[in-house]
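Structural features, examined
For reference, the chains in residue letters:
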Amino acid sequence: MSRIGSRLSTYKRTGKTALVSFVTAGDPSVATTVPALHALVRGGVDILELGVPFSDPEAEGPVIQKSSERALANGVNLVAVLDMVRDFRQTDTNTPVLMMGYFNSLLHLGPEHLVKNAVEAGVDGVIIVNLPPEEATDIQPVFAAAELDLVFLIAPTTTEARARSIVSVAGGFIYYVSLKGVTGAQHLKVETVRKEVLRVQSYTALPVMVGFGVKDPQDAQRIAAYADGVVVGSALVRTMEALQSSEGQIPGALEAQVRKLRDAMDESDQDQRE
Amino acid sequence: MSPVNRKPYNAPDDGGHFGEFGGRFVAETLTHALDELTELYENLSTDEAFRQRFEHDLAHYVGRPTPLYEARRLTNEIGGARIFLKREDLNHTGAHKINNTVGQALLAERMGKRRVIAETGAGQHGVATATVAARFGFDCCVYMGEEDVKRQALNVYRMKLLGAEVVPVSSGSRTLKDAMNEAMRDWVTNVDDTHYIIGSVAGPHPYPALVRDFQAVIGRETKEQSLEQLGRLPDVLIACVGGGSNAMGLFFPFVDDDGVDLVGVEAAGLGIETGRHAAPLNAGRPGVLHGSRSYLMDDDDGQIQETHSISAGLDYPGVGPEHSYWKDIGRADYVAVTDEQAVDAFRLLNRTEGIMPALESSHAIAYAAVDALRRNNDEIIVVNLSGRGDKDIQTIADMDGIKF
């Protein structure tokens with residue numbers, strides 16, 4: 001079982017909700033990313049998503065769009081992202097790391113190239129935002145052979161029949177997109193998401209992570225009451241953006257920010273156990 | 001030129017694939033809307049009442065059929081094959097774009113969606129969308145790169161007069177590709193009440209096939225008019241290719257006619273060798289952008305590159321997936337023409353025929369001039385004159401140093 005699978009199955013047994021963070025690799029600078037990842041883990045993040053920047057990130061809101069543009073201006077490409085993961089793995093061999101991005105900047109050299117290099121660098125899974133399962137049939141066997149998780153998304157607009165077929169091929173976990181919109185949007189409706197997540201959980205044993213639009217500890221706490229994990233991205237990227245002229249403060253600020261999220265989620269997990 | 005292997009030609013498959021191209025590479029949220037659109041479109045494609053409504057609008061609102069006009073003075077000036085022009089410039093709003101927006105407005109109406117959105121580069125598709133939105137009483141929002149808003153102020157104002165909201169897009173390179181990203185973001189957010197009118201044979205399935213089928217009226221008329229006026233089919237069809245909708249519209253009804261050569265003309269900009277062009281079929285490689293797999297212009301890291309063409313409508317790093325398929329199976333040839341050649345052709349057609357072509361269409365004229373010389377004077381060339389050039393007068397005047 002992959003690092004993602006073994007960690008999440010432990011959480012499932014103990015009733016702990018996973019905290020998943022997203023930051024863009026190389027934003028605001030190449031040197032900040034690895035210290036930022038370690039800080040996120042110290043603050044209580046369980047799974048790291050590392051964004052691979054793309055010139056045309058069509059599912060992202062303005063915050064992550066701008067972070068991609070900054071990363072690209074810093075010369076970040078797939079090779080550079082894999083170097084960051086390798087560097088991170090020098091001192092952390094436990095925390096699962098996923099790469100998240102778009103088809104063209106991840107798969108431009110083909111699935112074999114991506115999978116081989118990702119596994120060598122210590123990556124555990126990949127999320128390709130614009131790759132639905134129908135278009136992934138050639139790619140999936142390459143991932144499966146290397147035990148690299150290919151994570152798929154389910155959205156509020158996904159029909160039940162389709163969701164059932166997605167869970168049958170998905171690796172690692174299900175990324176549940178909590179709203180109709182782009183990342184970081186403002187209109188998250190925590191209670192309507194609840195029903196949908198419970199429905200997905202009813203026909204898959206895979207953990208269901210909820211992302212898009214989770215801003216603060218209150219959101220995280222309420223989602224933790226039913227989801228297997230909570231993904232926070234734009235809120236962290238915004239923190240890094242605000243501190244880009246004083247990068248030294250970024251690790252500390254991120255650690256404090258995710259600790260608040262973690263504490264709020266732990267409270268929720270505690271309530272459920274009682 | 002080798003014939004298409006499978007006859008009758010029946011691409012795309014159920015998933016929208018043209019060989020290894022096309023498909024549906026989108027965020028999961030859009031899949032359901034695309035499924036709905038595909039299903040509706042498949043049902044309507046055999047619906048006689050829908051077909052009649054579409055044809056009625058093309059006749060009475062757009063002004064079809066457009067003439068197939070023999071450009072005798074142009075032919076004489078160049079020498080060689082006889083050149084005919086398919087006059088899409090005479091459509092309402094001045095370009096072929098309206099064929100598609102009329103069709104998609106009818107689809108939106110059937111789906112009960114009262115808001116339409118569009119991306120636009122030069123503004124022609126934006127104007128065509130704003131036009132049908134006004135006619136159907138839809139809310140309309142057009143996304144346009146900040147750079148293009150500056151360059152195409154006239155069309156921006158025109159869209160506003162038509163009641164549309166024009167949203168300048170400041171992300172990325174601030175041009176057409178970024179406008180398309182932003183339109184997709186809007187659609188993801190407002191998918192319940194909004195229909196996205198994509199302006200070319202690009203995007204995720206079913207758009208490439210759907211836009212092709214609405215534009216195919218160009219080729220159907222050309223076929224009928226050729227038989228009527230000439231008693232035979234043309235030897236070659238020539239059209240410019242940005243996303244490729246006017247070319248696909250002209251070519252598609254001839255796909256199984258092996259005797260008819262098809263030539264798409266891309267924008268070579270300052271020259272293919274300079275890297276400053278918009279010719280993915282000539283100088284790109286397959287990749288994924290805006291929902292489908294096709295030839296595109298990207299760098300070694302898979303990042304989409306900025307393009308250059310004097311013609312804003314061709315200034316796009318991708319191309320419709322069916323053109324990529326036709327390139328690979330050899331059904332069509334794709335060549336490229338520079339800014340300079342296009343401008344020369346613009347002037348030539350003005351001077352010899354009293355017709356002012358769009359700079360996009362001028363690329364096709366420029367290649368026709370090259371091709372005609374290689375052919376006998378009993379051979380027939382049809383060029384798609386996809387739009388009129390009034391919108392480009394400022395560009396040409398600037399080159400001539402003229403200020404208004």
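Residues numbered from 1 in each chain as written. Chains lettered and ligands numbered in written order. Predicted model: local features only at pLDDT ≥ 70, side-chain atom pairs only at ≥ 80, totals over all residues. Heavy atoms only, no water.

1. A closer look at the overall build of chain B
- Across its full length, chain B holds 16 helices and 14 strands.
- Over its C-alpha atoms chain B spans a radius of gyration of 19 Å, differing by no more than 12% from the 22 Å that the globule rule assigns to 404 residues.
- Overall, chain B is about 55 × 50 × 45 Å in size when its C-alpha atoms are taken along their principal axes.
- Taking all 404 residues of chain B together, 64% fall into the buried category.
- For chain B, the share of sequence-separated contacts (at least 6 apart) that also reach a separation of at least 24 residues comes to 73%.
- Counting every atom, chain B has about 14,300 Å² of accessible surface; 47% of that belongs to carbon and sulfur.
- Computed over 40 positive and 60 negative side-chain charges, the inter-centroid distance for chain B is 4 Å. (Helix = DSSP H or I, 4+ residues; strand = E, 2+ residues; numbered from the N terminus. Rg over C-alpha atoms; globule rule 2.2 N^0.38 Å. Buried < 20%, exposed > 50% of the residue type's maximum accessible area, 1.4 Å probe, protein only. Contact = heavy atoms within 4.5 Å. Areas by Shrake-Rupley, 256 points an atom, 1.4 Å probe, with all protein chains shown as cover. Lys, Arg positive; Asp, Glu negative; His and termini not counted. Charge placed at Lys NZ, Arg CZ, Asp CG, Glu CD.)

2. Notes on the overall build of chain A
- Scanning chain A for helices and strands turns up 12 helices and eight strands.
- In summary, chain A has a C-alpha radius of gyration of 17 Å against a globular reference of 19 Å for 274 residues, a match within 12%.
- Seen through its C-alpha atoms, chain A measures out along the principal axes to roughly 45 × 40 × 35 Å.
- For chain A, buried positions account for 65% of its 274 residues.
- Counting contacts in chain A only where the partners sit at least 6 residues apart, residues at least 24 apart contribute 72% of the total.
- Roughly 10,000 Å² of accessible area belongs to chain A as shown, and the carbon and sulfur atoms make up 52% of that amount.

3. Focus: the packing of aromatic side chains
All names here are of chain B.
- Counted by the stated rule, this structure contains 13 aromatic pairs over all chains.
- Ring geometry for tyrosine 9 versus phenylalanine 252: centroids 6.1 Å apart, planes at 70°, classification edge-to-face. Of the two residues, tyrosine 9 is situated in the segment before strand S1 (17-18) and phenylalanine 252 in the loop between helix H11 (245-251) and strand S10 (261-269); the sequence distance between them amounts to 243 residues. Side by side, tyrosine 9 and phenylalanine 252 carry an identical accessibility label, which is buried.
- Note on phenylalanine 136 and phenylalanine 138: the rings are 5.4 Å apart at their centroids and 25° apart in plane angle, and the pair reads as stacked.
- Look at phenylalanine 138 and you get buried, because its relative accessible area is 7%.
- The ring centre of tyrosine 61 lies 4.4 Å from the NZ or CZ of arginine 135, which sits over that ring. (Phe/Tyr/Trp six-rings, centres within 6.5 Å; stacked < 30°, edge-to-face > 60°. Lys NZ or Arg CZ within 6 Å of the ring centre and 35° of its normal.)

4. Thoughts on the sheet that holds strand S2 (residues 47-51) of chain A
All names here are of chain A.
- With parallel pairing, eight strands are arranged side by side around a closed barrel as S1-S2-S3-S4-S5-S6-S7-S8. If you compare each strand with its neighbour and ignore which way they point, the axes differ by 25° on average.
- Together, strand S5 (149-154) and strand S6 (174-177) form the strand contacts of helix H8 (residues 160-169), whose direction differs from that of S5 by roughly 165°. (Pairing = 2+ DSSP bridges. Axes fitted to C-alpha atoms, helices over the stretch in contact; angles between N-to-C directions.)

5. Overview of the interface of chain B and chain A
- At the junction of the two partners, chain B supplies 36 residues and chain A supplies 34 residues.
- Taken over both partners, the interface formed by chain B and chain A buries close to 2,800 Å², and the fraction arising from carbon and sulfur atoms is 47%.
- Three residues stand out in chain B for area buried against chain A, namely Glu28(B), Arg185(B) and Gln303(B), and they jointly supply 24% of the buried area on that side.
- Inspection of the chain B/chain A interface yields three salt bridges.
- The tally of links from chain B across to chain A stands at 21 residue pairs in polar contact (both at pLDDT 80 or more). (Buried area = accessible area lost by both parts, 1.4 Å probe. Salt bridge = Lys/Arg side-chain N within 4 Å of Asp/Glu carboxyl O. Polar contact = N/O pair within 3.5 Å; in protein donor to acceptor, adjacent residues only side chain to side chain.)

6. Describing the pairing of strand S3 (residues 97-101) of chain A
Residues and elements named next belong to chain A.
- Here S3 lies mainly inside the structure; five of its five residues are buried.
- With burial as the criterion, each face of S3 is covered, one bearing Val97, Met99 and Gly101 and the other bearing Leu98 and Met100.
- As paired elements, S2 and S3 share four bridges and run parallel to each other. In the strand pairing of S3, leucine 48 is matched with valine 97.

7. Notes on the layout of surface pockets
Residues and elements named next belong to chain B.
- Empty space within the largest pocket amounts to approximately 480 Å³.
- Contributions of two or more residues to the lining of the largest pocket are made by helix H7 (153-161), helix H15 (359-373) and helix H16 (393-399).
- Ranked by residue count, the leading element in the lining of the largest pocket is H16, at four residues.
- For the lining of the largest pocket, the per-class residue count stands at seven nonpolar, eight polar and seven charged. (1 Å grid on protein atoms, 1.4 Å probe; cavity = no way out; pocket = protein on both sides within 12 Å on 5 of 7 lines; lining within 4 Å. Points joined across faces, edges and corners; volume = space filled by probe spheres on them. Nonpolar A, V, L, I, M, F, W, Y, C, P; charged D, E, K, R; others polar.)

8. Details of the sheet that holds strand S12 (residues 291-296) of chain B
All names here are of chain B.
- As summarised here, the arrangement of the four strands in space is S1-S2-S12-S11, forming an open sheet in which the pairing is antiparallel. In this open sheet, the two edge strands, each paired with only one partner strand, are S1 and strand S11 (285-289).
- Bridge count for S11 against S12 is five bridges, and the pairing is antiparallel. By the bridge assignment, arginine 285 is partnered in S12 with leucine 296.

9. Let's talk about the packing of helix H1 (residues 31-44) of chain B against helix H9 (residues 207-215) of chain B
Residues and elements named next belong to chain B.
- Following both chains from N to C, one finds H1 and H9 inclined at 35°, their axes separated by 11 Å at the closest point. Every pair of crossing elements has a handedness; the one defined by H1 and H9 is left-handed. Between H1 and H9, the contacting residues are Leu34, Leu37 and Tyr41 on the first element and Tyr207, Ala209, Leu210, Asp213 and Phe214 on the second.
- By residue class, the composition of the contact of H1 with H9 is seven nonpolar, no polar and one charged. (Left-handed = near helix turned anticlockwise from the far one by under 90°.)

10. Considering the pattern of salt bridges
- The tally for this structure, following the rule as stated, stands at 53 salt bridges over all chains.
- Where Arg42(A) meets Glu255(A), a salt bridge forms, and the shortest distance between an N and an O atom there is 3.0 Å. Separated by 213 residues along the polypeptide, Arg42(A) in helix H2 (residues 30-43) and Glu255(A) in helix H12 (residues 250-273) bring together distant segments of the chain.
- With relative accessibility at 17%, the residue Glu255(A) sits in the buried group.
- The closest approach of N and O atoms between Asp213(B) and Arg212(B), which form a salt bridge, is 2.9 Å.
- Residue classification places Arg212(B) among the buried residues on the basis of a relative accessible area of 5%.
- Each of the salt bridges in this network shares a partner with another, and the network as a whole consists of Lys16(A), Asp46(A), Arg262(A), Asp266(A) and Asp269(A).

11. Some details on the nonpolar core
- Judged by nonpolar contacts, the single largest core of 192 residues is most densely connected at Met99(A), Tyr175(A) and Trp326(B).
- Leaving out residues up to four positions away in the same chain, Trp326(B) has contacts with Tyr9(B), Met248(B), Phe251(B), Phe252(B), Val255(B), Leu262(B), Arg331(B), Ala332(B) and Tyr334(B).
- Listed in part, the 27 residues of the second largest apolar core include Val236(B), Ile355(B), Ala364(B) and Val383(B). (Core = buried A, V, L, I, M, F, W, Y, C linked by side-chain atoms within 4.5 Å.)

12. Quick notes on helix H2 (residues 48-62) of chain B
Residue and element names in this part refer to chain B.
- The end-to-end C-alpha distance of H2, which contains 15 residues, comes to 20 Å, matching closely the 21 Å that a straight helix rising 1.5 Å per residue would cover.
- Restricting attention to buried positions, one finds in H2 the residues Phe50, Phe54, Asp57, Leu58 and Val62. Down the axis of H2, the buried set is contained in an arc of 100°. They therefore lie on one face. Those residues of H2 that are exposed and angled more than 90 degrees off the buried face are Ala49 and His60.
- Among the structural elements, H1, helix H4 (97-111), helix H5 (124-136), H9 and helix H10 (217-230) are those in contact with the buried residues of H2.
- By the N-cap criterion, in which a side-chain oxygen at the helix start approaches the backbone nitrogen of a residue two or three places on, H2 is capped by aspartate 47, the distance to alanine 49 being 2.9 Å.
- Just past H2, the residue glycine 63 takes up positive phi, approximately 95°. (Expected span 1.5 Å × (residues − 1). Arc of directions from axis to C-beta.)

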